[in-house]
Amino acid sequence: MPTVHLLDYVAGNIRSLVNAIEKVGYTVEWVKSPEDVEKADRLILPGVGHFGHCLNQLSSAGYLPAIRKHVQAGKPFMGICVGLQVLFEGSSEAPEVAGLGIIKATLDRFDDTTKSVPHIGWNSAASDKEFFGLRSDSKYYYVHSYKVPYVKGQLEAQGWSVATARYGDEEFVGAVMKDNALITQFHPEKSGMAGLRVLKAFLDGDATSSTGGVSTSAPVTEGLTKRVIACLDVRANDSGDLVVTKGDQYDVREKGSGGDVRNLGKPVEMAKKYYEQGADEVTFLNITSFRDCPVADLPMLEVLRQTSKTVFVPLTIGGGIRDTVDTDGTKVSALQIATMYFKSGADKVSIGSDAVTAAEEYYAAGKKLSGKTAIEQISKAYGNQAVVVSVDPKRIYVSSPEETTHSVVKTSTPGPNGEGYCWYACTIKGGRETRDTDVIQLTQAVEAMGTGEILLNCIDKDGTNSGFDLELIDHVKSAITIPVIASSGAGNPGHFTEVFSKTKTDAALGAGIFHRGEYTVTQVKDELIDKGFMIRQFED
Ligand code: 1PR
């Protein structure tokens, strides 16, 4: 098999890129020193995380001159995400750090006054000239807070062809190419078939690859799509097998005393099924901690390794991401656990209970960041986009706002005694312990710590098939700027339409609706398309 050189400077989920490269018929040779770059024919520089951190890493290992030489010699080069950004002159993310300056332009942050930042999800890379298999009617997976603003003619004057995307009222650079170089802000390895096509065209050296996409003069609807996410709660059942399960208000046992853990299927197979139905992301929540197992043997690591071979959209893993002690007594940090998951194919980790504890400590310290929380450490090492906080709130009803110091919502579904207000209490340990911290306190604290996204469950709604808690979603959306994934209660495609039309949620997640075979992800997306939402369509 032909080879490609991959420069890994600890940039997060490199496994998916390797899987994607192998899927399109190439093998990876690792670049271990600047001399290896000189030997490389095709070179890929992946990247997630912080612009300054990335450049400092590359600089201290002596890679920058070798990369510059490779690109300027016109040899095949692909930069992905921060691997794109380093080719520019600089970024407001780290004004003191200079980029390679091969492309004369700088990056700045998306404006978050009118939209969620980071920009996470599926967007276009549209161009009046197709290159490297890019199609103006395809959608690609982006995750970043800083972008190269598109200024018509600026990069073209330097000889680059440009594909752009639009987020709110900002148009930015999605990909550029010149000769044998293709650099993309999006992640081809996470962009389903559309991304694999781009990767293959680059590796084949097929810069003018014609894909049969839309004629370039066709109108293209640009913008971020609404994401539909499939969530798999995974645990060992009573016979010790790893199964996908699903609770009603977090109770995963069949009704009746001594009921078995509900077994709805096998995690790897189900993830593949949802990917092929068009799920924009797949989330695994490990709802037992597999306490008796050494950390390095966590069953979810193998689930991720297997899943990432066939599922080319982002994978999130949650459950048990916290500092812990291994079975042999060794201390293992949350960052080390997250690293194992990233190396196994996860793109994001989702933190539940530990985030609540961290938020409580943050307020107790007078809103001072300690730098020591799992959220801060993981986001510093892998970027904000790699950290999701999974919130498990439940309603506490009150008759008037004065009855509590917490942020309340005036509710249209009053409490059991006719109470007209409620606040949302955070829970930990899978909903078993309720804390005196509300959902606004929690989400604002974890946003300050560097969380990239909120997975907003709702225990009252979980498994009820009665629709999302719109009041909860509005409440949280109005308090933070990072994206929110609405979760809990989806029972039919109309519930997805409802949550996207009545709230500003960035994504919506379903579990039971898909596992019980009531509806497919495709049916949900068809309904959304029918109602006029911009949605990524699955490409074979
Ligand atoms: O606290 O960091 O170890 O994380 C534990 C994680 O496991 C948390 O994300 C928590 O939400 C999840 N979890 C713990 N216990 C349960 C349980 O069900 N007994 N699952 C549980 C929560 C996840 C929801 C569900 C939606 C949609 N379920 O995301 O998928 O409610 O369901 P629906 O569409 O069927 O209504 P830590």
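Residues numbered from 1 in each chain as written. Predicted model: local features only at pLDDT ≥ 70, side-chain atom pairs only at ≥ 80, totals over all residues. Heavy atoms only, no water.

**Student:** Before we move on, can you summarise the pairing of strand 25 (residues 453-456) with the specific residues and values?
**Tutor:** Burial of strand 25 is two-sided: the residues Glu-453 and Leu-455 facing one way and the residues Ile-454 and Leu-456 facing the other way are all buried. The pairing of strand 20 (residues 387-391) with strand 25 spans 4 bridges and is parallel. Residue pairing in the sheet places Val-388 in a bridge with Glu-453 of strand 25. Here strand 25 pairs with strand 26 (residues 484-486) via 3 bridges, running parallel. Within the sheet, the bridge partner assigned to Leu-455 lies in strand 26 and is Ile-485. For the crossover that starts at strand 25, traverses helix 13 (residues 470-477) and ends in the parallel strand 26, the hand is right-handed. (Buried < 20%, exposed > 50% of the residue type's maximum accessible area, 1.4 Å probe, protein only. Helix = DSSP H or I, 4+ residues; strand = E, 2+ residues; numbered from the N terminus. Pairing = 2+ DSSP bridges. Right-handed = clockwise from strand over helix to strand, strands pointing away.)

**Student:** Outline helix 6 (residues 192-204), listing residues and values.
**Tutor:** Under the 1.5 Å per step criterion, the end-to-end length of helix 6 is 18 Å for 13 residues, consistent within 8% with the ideal 18 Å. After helix 6 finishes, the residue Gly-205 shows a positive phi value of roughly 70 degrees. (Expected span 1.5 Å × (residues − 1).)

**Student:** Which residues make up the site of the ligand, and what values do they have?
**Tutor:** For the ligand, the set of nearby residues contains 25 residues, the closest of which are Ser-353, Asp-392, Asn-457, Asp-462 and Ser-488. Contacts to the ligand include Tyr-250, whose backbone N or O atom sits 2.8 Å from a nitrogen atom. Between the ligand and Gly-352 there is a distance of 2.9 Å, counted from an oxygen atom to a backbone nitrogen or oxygen. Protein chains bury 96% of the 780 Å² of accessible surface belonging to the ligand in isolation. Mapped onto the shell around the ligand, the elements with two or more residues apiece are strand 13 (227-236) and strand 27 (507-510). Taken together, the residues of the shell around the ligand sort by class into 7 nonpolar, 13 polar and 5 charged. (Near = heavy atom within 4 Å. Polar contact = N/O pair within 3.5 Å; in protein donor to acceptor, adjacent residues only side chain to side chain. Areas by Shrake-Rupley, 256 points an atom, 1.4 Å probe, with all protein chains shown as cover. Nonpolar A, V, L, I, M, F, W, Y, C, P; charged D, E, K, R; others polar.)

**Student:** Got a sec to walk through unusual backbone geometry? Specific residues and values, please.
**Tutor:** Val-117 connects to Pro-118 through a cis peptide bond whose omega is 10 degrees. Positionally, Pro-118 belongs in the loop between strand 6 (106-109) and strand 7 (119-123). The backbone phi angle of Asn-465 is positive, close to 60 degrees, even though this residue is not glycine. Secondary-structure assignment places Asn-465 in the loop between strand 25 and helix 13. Judged by relative accessible area, which is 28%, Asn-465 ranks as partly exposed.

**Student:** Before we move on, can you summarise helix 11 (residues 374-382) with the specific residues and values?
**Tutor:** Of all the residues in helix 11, the buried ones are Ala-374, Ile-375, Glu-376, Ile-378, Ser-379 and Tyr-382. Packed against the buried residues of helix 11 are helix 9 (334-344), strand 19 (348-351), helix 10 (353-364), strand 20 and helix 12 (439-449). Directly beyond the C-terminal end of helix 11, a positive phi value near 95 degrees is found at Gly-383. (Contact = heavy atoms within 4.5 Å.)

**Student:** Please provide a residue-by-residue account of the sheet that holds strand 5 (residues 90-91), values included.
**Tutor:** Read across the open sheet, the 3 strands follow the order 5-6-9; overall the sheet is mixed. Taken across any chain shown, the strands that pair with only one partner, and hence form the sheet edges, are strand 5 and strand 9 (146-147). Pairing between strand 5 and strand 6: 2 bridges, direction parallel. Opposite Ser-91, over in strand 6, you have Leu-107 as the bridge partner.

**Student:** Quick rundown of the sheet that holds strand 1 (residues 3-7)? Include the residues and the values.
**Tutor:** The strand order 2-1-3-4-12-11-10 describes an open sheet built from 7 strands, whose pairing is mixed. Of all strands in the sheet, those bounded by a partner on one side alone are strand 2 (27-31) and strand 10 (161-167). Going from strand to strand, the sheet's axes swing by 20 degrees on average, the running direction of each strand aside. Inspection of the sheet shows strand 11 (residues 170-178) paired to strand 12 (residues 181-184) by 4 bridges, in the antiparallel sense. Considered in strand 12, the bridge of Ala-175 is made with Thr-184. Helix 1 (residues 14-23) rests against strand 1, strand 2, strand 3 (43-45) and strand 4 (77-80) of the sheet, and its axis sits at about 170 degrees to strand 1. Seen against the sheet, helix 4 (residues 64-72) touches strand 1, strand 3 and strand 4 and runs at an angle of roughly 125 degrees to strand 4. (Axes fitted to C-alpha atoms, helices over the stretch in contact; angles between N-to-C directions.)

**Student:** I'd like a rundown of the nonpolar core, residues and numbers included.
**Tutor:** Formed by 162 residues in total, the largest nonpolar core has its most connected members in Ile-21, Ile-44, Leu-58, Phe-284, Tyr-341, Ile-378 and Phe-496. The element contributing the most residues to this core is helix 6, with 7 residues. Not counting residues up to four positions away in its chain, the partners in contact with Phe-284 are Leu-232, Val-234, Pro-267, Ala-271, Met-300, Val-303, Leu-304, Thr-307, Thr-316, Ile-317 and Gly-318. Membership of the second largest hydrophobic core comes to 9 residues, among which are Ile-229, Cys-231, Leu-455 and Ile-485. (Core = buried A, V, L, I, M, F, W, Y, C linked by side-chain atoms within 4.5 Å.)

**Student:** Can you explain the packing of aromatic side chains? Please cite residues and give values.
**Tutor:** Under the criterion given, the structure shown has 14 aromatic pairs. For the ring pair Tyr-275 and Phe-538, a centre distance of 5.7 Å and an interplane angle of 90 degrees mean the geometry is edge-to-face. Here Tyr-275 is found in helix 7 (residues 267-277), whereas its partner Phe-538 is found in the segment after helix 16 (521-530), with 263 residues between them in sequence. Judged by relative accessible area, Phe-538 falls into the partly exposed class, the value being 29%. Cation over ring: Lys-115 sits above Tyr-167, and NZ or CZ is 5.3 Å from the ring centre. Looking at Arg-536, its charged tip hangs above the ring of Trp-122, at a distance of 3.9 Å from the centre. (Phe/Tyr/Trp six-rings, centres within 6.5 Å; stacked < 30°, edge-to-face > 60°. Lys NZ or Arg CZ within 6 Å of the ring centre and 35° of its normal.)

**Student:** Tell me about the pattern of salt bridges, and name the residues and values.
**Tutor:** Following the criterion strictly, the structure yields 32 salt bridges and no others. With its nearest N and O atoms 3.2 Å apart, the salt bridge here joins Asp-112 to Arg-109. What makes Asp-112 partly exposed here is its relative accessible area of 26%. The exposure class assigned to Arg-109 is partly exposed, which follows from its relative accessible area of 35%. (Salt bridge = Lys/Arg side-chain N within 4 Å of Asp/Glu carboxyl O.)

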